[in-house]
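Tertiary structure, described
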Amino acid sequence: MTDDATTPAPAASARPAQRGRFHRAVDAIDERMGLKALTYPVPEHANNLAWSLGGITAVAFVILLATGIYIAQFYSPIPEDANQSVRDLVSDVWLGSFARGLHYWAAQAMFVTALLHLLRVFFHASYKKPREGNWVVGAAMFLLTFLAVFTGTVLKWDQEGYEALIHNLDVAELLGGAGIWFSEELTDRVPILLRLYSAHAVIIPGLVLLLFVWHALLVKRHKISPHPEIELPEVESPEPFTAHLKRVAAFGLVLLGVLSLLGVLVPPVVGPTPVAGIEVTRPLWMFWWFFPMEQWFGVASIAYVIAGVFALIFLVPFLDRGPKRHWRERKLALGTALVLLLALAAITIQVWIANPKGH
């Protein structure tokens, strides 16, 4: 009886030792990698869906990287082979159709969530001092996302992609020296499709990664902005950033599930090999807001409109410099943004109605 009564004691005494070894291992890793720096506090209001849109955008970017790496193994960025290599990817490669479908929808998801994230930050005036720099970094990432979608459209080298490239070349010619990189005049030894592929697969993702790290460091430096409608932020219950990451991961899993379904049920179409000298397609919906400008005001207007819209986005924190953050106290800024958004939406809807099949 005495032996039986004392046998559990060693196991019970081993638990503190096991916990001690675990914590020592964590401390050793943290000493070298600084993992505990991720436990900085996050305010309670930042844990809902609207304030997690930046993290969800990052999840979409990770999906794009993973699927893009897989697709790149089978894509040939040579004009004579590009379109057929995409067709072979879809029809002959294991999971090729799924990977391309997931990549296609993840690109649109990243554009949408990045846009919604910018709108949320604008609505709550989270770009006010001292966070102006982080707005500029975020706007730069949004511009890079826009360019990534455009270059990806060209890479499939079907009629739609070819016509998008032709419009780009027309704009580059009007820009003169400023548009030399986007033209065929830079070099006659490397096809422009190959240069666009290097931009899509290396340059743009690399810049996005660098800016994302900078963005995250600025968030940690300045902390997540307080909610303009919470008068006493000290009453909130902050949680460590690692707990916030778990919520973002949960949202990300939902996003991955939805995009996977879209990739399977609504796969992107691969058009035929392009034919020069005709315009019969309509671009992706995120380009519709400047699509009719060529017909209305000429090719040059495309460059002016795109440059003007993105210049306004970059200048937001410098145009709205007042300390007020509540939307009721920023009617001029919000009214101006609403008019611009309604104008772009109206043009988009007009293109959808008037050009159901293309030009």
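Residues numbered from 1 in each chain as written. Predicted model: local features only at pLDDT ≥ 70, side-chain atom pairs only at ≥ 80, totals over all residues. Heavy atoms only, no water.

Some remarks on the overall build of the protein
Within the protein, the secondary structure is distributed over twelve helices and two strands. Starting at the N terminus and ending at the C terminus, the protein contains elements arranged as α-α-β-α-α-α-α-α-α-β-α-α-α-α. Seen through its principal axes, the protein has C-alpha atoms that stretch 95 × 55 × 35 Å. Residues counted as buried form 41% of the 359 residues belonging to the protein. Across the protein, contacts joining residues at least 24 apart in sequence account for 79% of those joining residues at least 6 apart. Working note: accessible area of the protein is about 20,400 Å², and carbon and sulfur atoms make up 69% of it. Looking at the protein, you have 28 positive and 28 negative side-chain charges, and the mean spots of the two groups are 10 Å apart. (Helix = DSSP H or I, 4+ residues; strand = E, 2+ residues; numbered from the N terminus. Buried < 20%, exposed > 50% of the residue type's maximum accessible area, 1.4 Å probe, protein only. Contact = heavy atoms within 4.5 Å. Areas by Shrake-Rupley, 256 points an atom, 1.4 Å probe, with all protein chains shown as cover. Lys, Arg positive; Asp, Glu negative; His and termini not counted. Charge placed at Lys NZ, Arg CZ, Asp CG, Glu CD.)

Here's the deal with helix α3 (residues 53-72)
The end-to-end C-alpha separation of α3 is 28 Å, in line with the 28 Å expected for 20 residues at 1.5 Å each. Those residues of α3 that sit buried are L53, I56, T57, A60, F61, I63, L64, T67 and I71. For α3, the angular spread of buried residues about the axis comes to 160 degrees, placing them on one side. Seen from the buried face of α3, the exposed residues on the opposite side, beyond 90 degrees, are V62 and I69. (Expected span 1.5 Å × (residues − 1). Arc of directions from axis to C-beta.)

Focus: the pattern of salt bridges
Evaluated as defined, the whole model comprises five salt bridges. Residues K128 and D320 are paired through a salt bridge, measuring 3.7 Å at the closest nitrogen-oxygen approach. Taken together, the residues span a long stretch of sequence, with K128 in the loop between α5 (96-123) and α6 (132-155) and D320 in the loop between α11 (300-319) and α12 (331-354) at a distance of 192 residues. Judged by its relative accessible area of 7%, K128 falls in the buried class. Taken together, the salt bridges that share partners define one network made up of K128, D320 and R330. (Salt bridge = Lys/Arg side-chain N within 4 Å of Asp/Glu carboxyl O.)

Observations concerning the packing of aromatic side chains
Taken as a whole and judged by the stated rule, the model has 18 aromatic pairs. Ring geometry for Y104 and W105: centres 5.1 Å apart, planes at 85 degrees, overall edge-to-face. Between W289 and F290 the ring centres are 5.1 Å apart and the planes differ by 85 degrees, which places this aromatic pair in the edge-to-face class. Grouping aromatic residues by their ring pairs yields a cluster made of F111, F142, F146, F150, W285, F287, W289, F290 and F310. We note R120 situated over the ring of W51; from NZ or CZ to the ring centre the distance is 3.6 Å. (Phe/Tyr/Trp six-rings, centres within 6.5 Å; stacked < 30°, edge-to-face > 60°. Lys NZ or Arg CZ within 6 Å of the ring centre and 35° of its normal.)

With respect to the packing of α3 against helix α8 (residues 192-222)
Running from amino to carboxyl end, α3 crosses α8 at an angle of 150 degrees, the nearest separation of the two axes being 12 Å. The orientation of α3 relative to α8 falls into the category roughly antiparallel. In this structure, α3 meets α8 at a crossing whose hand is left-handed. Residues A58, F61, L65 and A72 of α3 lie in contact with α8, whose contacting residues are Y197, P205, V208, L209 and F212. (Axes fitted to C-alpha atoms, helices over the stretch in contact; angles between N-to-C directions. Parallel < 35°, antiparallel > 145°, perpendicular 65-115°, else oblique. Left-handed = near helix turned anticlockwise from the far one by under 90°.)

Some thoughts on unusual backbone geometry
Each neighbour pair has its own omega, and for K129 with P130 the value is 10 degrees, a cis peptide bond. Inspection of the secondary structure puts P130 in the loop between α5 and α6. With phi around 65 degrees, L95 is a residue other than glycine that occupies positive phi space. With respect to the helices and strands, the residue L95 is situated in the loop between α4 (82-92) and α5.

Observations concerning the environment of E132
By the element assignment, E132 lies in helix α6. On the basis of relative accessible area, E132 is assigned to the partly exposed category, the value being 21%. It is 5.6 Å that separates the C-alpha atoms of E132 and P317, two residues lying 185 residues apart in sequence.

Remarks on the confidence of the model for the protein
It should be kept in mind that the predicted coordinates are not to be read in detail where pLDDT is low. Here the protein averages 87 in pLDDT, and 93% of its residues register 70 or above. The least confident element of the protein, judged by mean pLDDT, is helix α1 (residues 2-6) at 49; the most confident is α5 at 97. (pLDDT = per-residue confidence, 0-100.)

Description of a nonpolar patch on the surface
A surface patch of nonpolar side chains, amounting to about 690 Å² of accessible area, comprises I180, W181, F182, L186, V202, I203, L207 and L210. Inspection of the secondary structure assignment puts I180 in the loop between α7 (159-175) and α8. (Patch = residues over 30% accessible without salt bridge, like charges linked within 9 Å, V, L, I, M, F, W, Y side chains within 5 Å.)

Describing the side chain of H326
Here H326 lies in the loop between α11 and α12. Within the structure, the side chain of H326 is placed 3.1 Å from the backbone nitrogen of R328, a separation counted as a polar contact. Dropping the residues within four chain positions of it, H326 is found in contact with P228 and E229. (Polar contact = N/O pair within 3.5 Å; in protein donor to acceptor, adjacent residues only side chain to side chain.)

Describing the environment of M141
Along the chain, the position of M141 falls in helix α6. The exposure class of M141 is buried, given its relative accessible area of 13%. C-alpha separation for the pair M141 and T187, spaced 46 residues apart in sequence, amounts to 28 Å. Setting aside residues up to four positions removed in sequence, M141 forms contacts with V208, L211, F212 and H215.

Some points on the environment of L217
Within the fold, L217 resides in helix α8. Note on L217: relative accessible area 54%, which makes it exposed. When the C-alpha atoms of L217 and N134 are compared, they prove to be 9.4 Å apart, with 83 residues separating the residues in sequence.

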